[in-house]
Amino acid sequence: ALRDVADAAGRANLADDEATLRVDLAALAVGAWSRPQLERWWLNDAELALARVAGPDDVRHVQLARARGQLAQARGDYLESERSFADALVDAEHRGLWLLADDLRMDIANSQRKRQAFAEARAGYAQIIAADTRRWGPEHPRIAHAEHNLGVLEVDAGRFEHARVHLQRAIDLSMRFHIVQQ
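Residues numbered from 1 in each chain as written. Predicted model: local features only at pLDDT ≥ 70, side-chain atom pairs only at ≥ 80, totals over all residues. Heavy atoms only, no water.

Which residues make up the packing of helix α6 (residues 98-114) against helix α7 (residues 118-136), and what are the values?
The geometry of α6 relative to α7 is characterised by a closest axis approach of 8 Å and an angle of 155° between their N-to-C directions. With respect to each other, α6 and α7 are oriented roughly antiparallel. In the packing of α6 onto α7, the handedness of the crossing is left-handed. Contacts between α6 and α7 involve L99, D102, R105, M106, A109, N110, Q112 and R113 on the former and, on the latter, F118, E120, A121, G124, Y125, I128, D132, R135 and W136. Counted by class, the contact of α6 with α7 contains eight nonpolar, three polar and six charged residues. (Axes fitted to C-alpha atoms, helices over the stretch in contact; angles between N-to-C directions. Helix = DSSP H or I, 4+ residues; strand = E, 2+ residues; numbered from the N terminus. Parallel < 35°, antiparallel > 145°, perpendicular 65-115°, else oblique. Left-handed = near helix turned anticlockwise from the far one by under 90°. Contact = heavy atoms within 4.5 Å. Nonpolar A, V, L, I, M, F, W, Y, C, P; charged D, E, K, R; others polar.)

Printed below as a string of structure tokens:
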């Protein structure tokens, strides 16, 4: 449906809107479909649409850099994904896009975990938890997400008692947040 809307925007000569929609489609789909050729096509399509209407300082380039990282991660090229995420992180921080920057830090730590660089990923998750605790408070759902990922890392590393602590913390935080939301 988003693709159809992007096509309609293009036919109506709404080039900037078309580029935004194509970037949004790439950001949502790339790395999530397990169809790397199609995802690469969506990414290329978004890059071309954006190049027609925006300069290099356009914020949508950050979204595409993250999508490039997600595509590399989906292919199993974790070092390349970390480079793409790191480039996007510098750009996001420069622009003050703090939530996106936080997500990119998580992306980097996840790539490190997937390539079994456990010490690096562990440090990344710990930094995310510390920063999110300062920013949002000790019981925010973003902390549950980081605790969950840290628990998965500990399972991958064979440190099951450590994993249990982090996964239980993630469950507890998620349950508290869910109860508060009701």
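Now that the structure has been shown, we can carry on.
Can you explain unusual backbone geometry? Please cite residues and give values.
Residues apart from glycine generally show negative phi values, whereas peptide bonds are mostly found in trans. The residue Q116 is not glycine, and still its phi comes out positive at about 65°. The topology assignment puts Q116 in the loop between α6 and α7. A residue is classified by how much of its surface remains accessible, and Q116, at 58% relative accessible area, is exposed. (Buried < 20%, exposed > 50% of the residue type's maximum accessible area, 1.4 Å probe, protein only.)

Describe helix α3 (residues 36-53), and please don't skip the residues or the numbers.
In this model α3 runs 26 Å from its N-terminal to its C-terminal C-alpha over 18 residues, within 8% of the 26 Å that 1.5 Å per residue would give. Among the residues of α3, E39, W42, L43, D45, A46, A49 and L50 are the ones counted as buried. Relative to the axis of α3, the buried residues are bounded by an arc of 160° and lie together on one face. Exposed positions of α3 whose direction lies more than 90 degrees from the buried face are Q37, L48, A51 and R52. (Expected span 1.5 Å × (residues − 1). Arc of directions from axis to C-beta.)

Before we move on, can you summarise the packing of helix α4 (residues 60-75) against α6 with the specific residues and values?
Contact geometry for α4 and α6: axes closest at 11 Å, N-to-C directions at 15°. Overall, the two elements α4 and α6 adopt an arrangement that is roughly parallel. Between α4 and α6 the crossing geometry is left-handed. Every residue of α6 that contacts α4 at V62, R66 and Q73 is listed here: L100, D103, L104, D107, N110, S111 and K114.

Describe the environment of Q63, and please don't skip the residues or the numbers.
Relative to the elements of secondary structure, Q63 occurs in helix α4. For the pair Q63 and F85, spaced 22 residues apart in sequence, the C-alpha to C-alpha distance is 10.0 Å. The residues contacting Q63, other than those within four sequence positions of it, are V23, D24 and A27.

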